[in-house]
Amino acid sequence: MAPASKRPKRSQPAKWFCLSGGVGLTPMVSMLEAIAGDYPDVEAHFVHGAMNSSTHAMDKHVRSLAQRHGRVSVSTFYSEPPARDVAGFTHDEDGFITRGWLEANTPIDTANFYICGPKPFLRSMVSDLRTLGVSSDRIHYEFFGPADELLAA
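Scoring rules and cut-offs
- Residues numbered from 1 in each chain as written.
- Predicted model: local features only at pLDDT ≥ 70, side-chain atom pairs only at ≥ 80, totals over all residues.
- Heavy atoms only, no water.
- Helix = DSSP H or I, 4+ residues; strand = E, 2+ residues; numbered from the N terminus.
- Buried < 20%, exposed > 50% of the residue type's maximum accessible area, 1.4 Å probe, protein only.
- Contact = heavy atoms within 4.5 Å.
- Areas by Shrake-Rupley, 256 points an atom, 1.4 Å probe, with all protein chains shown as cover.
- Phe/Tyr/Trp six-rings, centres within 6.5 Å; stacked < 30°, edge-to-face > 60°.

S.K.: Account for the overall build of the protein, with residues named and values stated.
M.R.: Scanning the protein from terminus to terminus reveals 5 helices and 6 strands. The N-to-C order of helical and strand elements in the protein reads β-α-β-α-β-β-α-β-α-β-α. Across the 153 residues in the protein, those meeting the buried criterion constitute 44%. Look at the contacts in the protein between residues 6 or more apart in sequence, and 72% of them connect residues 24 or more apart. Approximately 7,800 Å² of the protein is accessible, and the part contributed by carbon and sulfur atoms is 53%.

Here it is, written out as structure tokens:
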């Protein structure tokens with residue numbers, strides 16, 4: 001299920017940014033599947049951060065959904081890429097998703113942002129989007145990670 005059971009609604013902006021970190025990928029893929037199957041008019045961008053190709057699940061599936069839909073783009077970031085992982089081939093960017101990248105690559109004024117991942121990822125993404133002026137009613141997020149991390153919160 002998408003964060004906080006959110007799914008695209010025709011009355012909401014037709015630009016959707018799905019931001020996931022680590023295991024937060026799973027609910028975001030469900031959301032992307034809904035967009036790809038049921039919402040041909042929605043423009044979406046799927047952005048995922050993983051350590052490297054050995055920890056990055058469902059990449060082929062995500063890219064297949066994006067290609068089938070035609071209005072979905074995909075960007076992947078690897079924070080710890082080994083030598084076999086080369087930006088431009090196995091992923092798009094080295095490092096983490098940054099405020100600067102979001103500012104340069106997202107329609108800050110019009111998109112809905114859906115964020116799912118571990119607490120540090122959520123903190124960073126929500127803070128960056130708010131700093132960039134995204135209103136809180138367009139930032140939707142849900143914790144998704146190890147239970148012990150949630151208990152420590």
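S.K.: Outline the packing of aromatic side chains, supporting the account with residue identities and numerical values.
M.R.: By convention here, two paired aromatic rings are described through the distance between centres and the angle between planes. Enumeration over the complete set of coordinates arrives at 3 aromatic pairs. Taking 4.5 Å as the distance between ring centres and 10° as the angle between the ring planes, the aromatic pair formed by Trp16 and Tyr114 counts as stacked. Of the two residues, Trp16 sits in strand β1 (residues 15–21) while Tyr114 sits in strand β5 (residues 112–117), which places them 98 residues apart along the sequence. Neither Trp16 nor Tyr114 differs from the other in exposure class; each is buried.

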